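Architecture at a glance
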Amino acid sequence: MNTTKATRRTTLALGLALALGLGVTAQASAGAPRSVSGKPSDNITRIADFYGAYIDAVSDEGSGALQDALRAHYLTPAFQKELNAWEEKEHADGVLRAQNVPLAWKVTDNGTTTHTEAVVTLTWSAGQTSTLVVDMTRGSHKILHIGTKGLGTKGLGRK
């Protein structure tokens, strides 16, 4: 495939992911219609959108360019460098902090005053879960940290 087609395909996929609000968590009973909502001005929605689109990209074969485009769109440049260094050292995906792909995700507001902090719960096979804390700037809506502790807390949970 030529570079122009690959770029257009990546741009289209990223645009669709952003427009549809893919990651917003929705609960529905079996057989009932489901709905998902969100708004681009809400950082929790944006973090959920990022994780939904990123997990889709990691799950889909040959989606490396989309993963890179999502990182470029949602992460600060400084954090992208930090994440690359972490991945080199740990030999794992820095966004997921794992070598495999979760089956589901949930994003919960963790509450802060200077930036948005969210707890991302990843569900793996056999119902096992892991949690990450994601910090996002309020102004630029960019992720500036992913880890087991947030920038403004000593661990998971509200301050």
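Before reading further, recall that the structure is shown in the block above.
Structure report, in brief. Bear in mind that the values here come from a model prediction, so they are computed numbers and not experimental data. Counting starts from 1 at the beginning of each chain's written sequence and moves along it residue by residue. In view of the model being predicted, local features appear only for residues whose pLDDT reaches at least 70, and side-chain atom pairs are presented and counted only at 80 or more, with totals across whole chains, interfaces and linings using the full set of residues. Side-chain calculation: all heavy atoms of the structure are included, whereas hydrogens and water are not.

**Regarding the pairing of strand S1 (residues 104-109)**
Convention followed: Any two strands are treated as partners once DSSP identifies two or more bridges connecting them. Here a helix means four or more residues in a row that DSSP labels H or I, a strand means two or more in a row labelled E, and each is numbered from the N terminus.
Pairing analysis gives six bridges linking S1 to strand S2 (residues 116-123), with the strands arranged antiparallel. Looking across to S2, one finds that Lys106 is bridged to Thr121. Between S1 and the antiparallel strand that follows it, S2, lie six residues; Gly111 among them carries a positive phi value of about 75°.

**A word on the pairing of S2**
Quick reminder of the rule: Using a 1.4 Å probe on the protein chains alone, a residue whose accessible area is under 20% of its type maximum counts as buried, one over 50% counts as exposed, and one in between counts as partly exposed.
In terms of burial, S2 is largely enclosed, as seven of its eight residues are buried. Relative to strand S3 (residues 129-136), S2 is paired through eight bridges, and the arrangement is antiparallel. Directly across from Thr121, in S3, lies its bridge partner Thr131. In sequence, S2 turns back onto S3 through a hairpin of five residues, with Ala126 there showing a positive phi of about 60°.

**Describing unusual backbone geometry**
Here the phi dihedral of His91 falls at roughly 55°; this positive angle occurs in a residue that is not glycine. By secondary structure assignment, the location of His91 is in the loop between helix H4 (77-90) and S1. For His91, a relative accessible area of 59% corresponds to the exposed category. At Ala126, a position not held by glycine, the phi torsion is positive, near 60°.

**Some points on the sheet that holds S1**
For sheets, the rule is that strands pair by backbone hydrogen bonds, running either parallel or antiparallel. We count it as follows: Note on method: axes are straight lines fitted to C-alpha atoms, helices fitted across the in-contact stretch only, with angles between N-to-C directions ranging 0 to 180 degrees.
Strand order in the open sheet formed by four strands is S1-S2-S3-S4, with antiparallel pairing between adjacent strands. Since the sheet does not close on itself, it has two edges, and those belong to S1 and strand S4 (143-147), each with one partner. Ignoring which end each strand starts from, the neighbouring axes of this sheet average 25° apart.

**Considering helix H2 (residues 43-59)**
How we decide: Each residue after the first adds 1.5 Å to the expected span of a helix.
The end-to-end C-alpha distance of H2 is 24 Å, a good match for the 24 Å that 17 residues give at a rise of 1.5 Å each. Among the 17 residues in H2, 14 count as buried, and that is most of the element.

**Things to note about the packing of aromatic side chains**
The criterion, for reference: For Phe, Tyr and Trp, rings pair up if their centres lie within 6.5 Å, where Trp contributes its six-membered ring, and each pair is then called stacked (planes under 30 degrees apart), edge-to-face (over 60) or tilted (otherwise). Note on geometry: a ring has a charge over it if NZ (lysine) or CZ (arginine) is within 6 Å of the ring centre and within 35 degrees of the ring normal.
Applying the stated rule across the entire model yields three aromatic pairs. Taken together, a centroid distance of 5.3 Å and an interplanar angle of 80° make the contact between Phe50 and Tyr51 edge-to-face. Exposure remark for Phe50: the relative accessible area of 0% places this residue in the buried category. The class for Tyr51 is buried, based on a relative accessible area of 0%. Ring geometry for Phe50 against Tyr54: centres 5.5 Å apart, planes inclined by 35°, an arrangement best described as tilted. Placement of both Phe50 and Tyr54 in helix H2 is noted, with a separation of four residues, approximately one turn of the helix. One aromatic cluster in this structure is built from Phe50, Tyr51, Tyr54 and Tyr74. Here the basic side chain of Arg97 rests over the ring of Trp86, its NZ or CZ set 4.2 Å away from the ring centre.

Taken by themselves, the reported measurements are silent on function.
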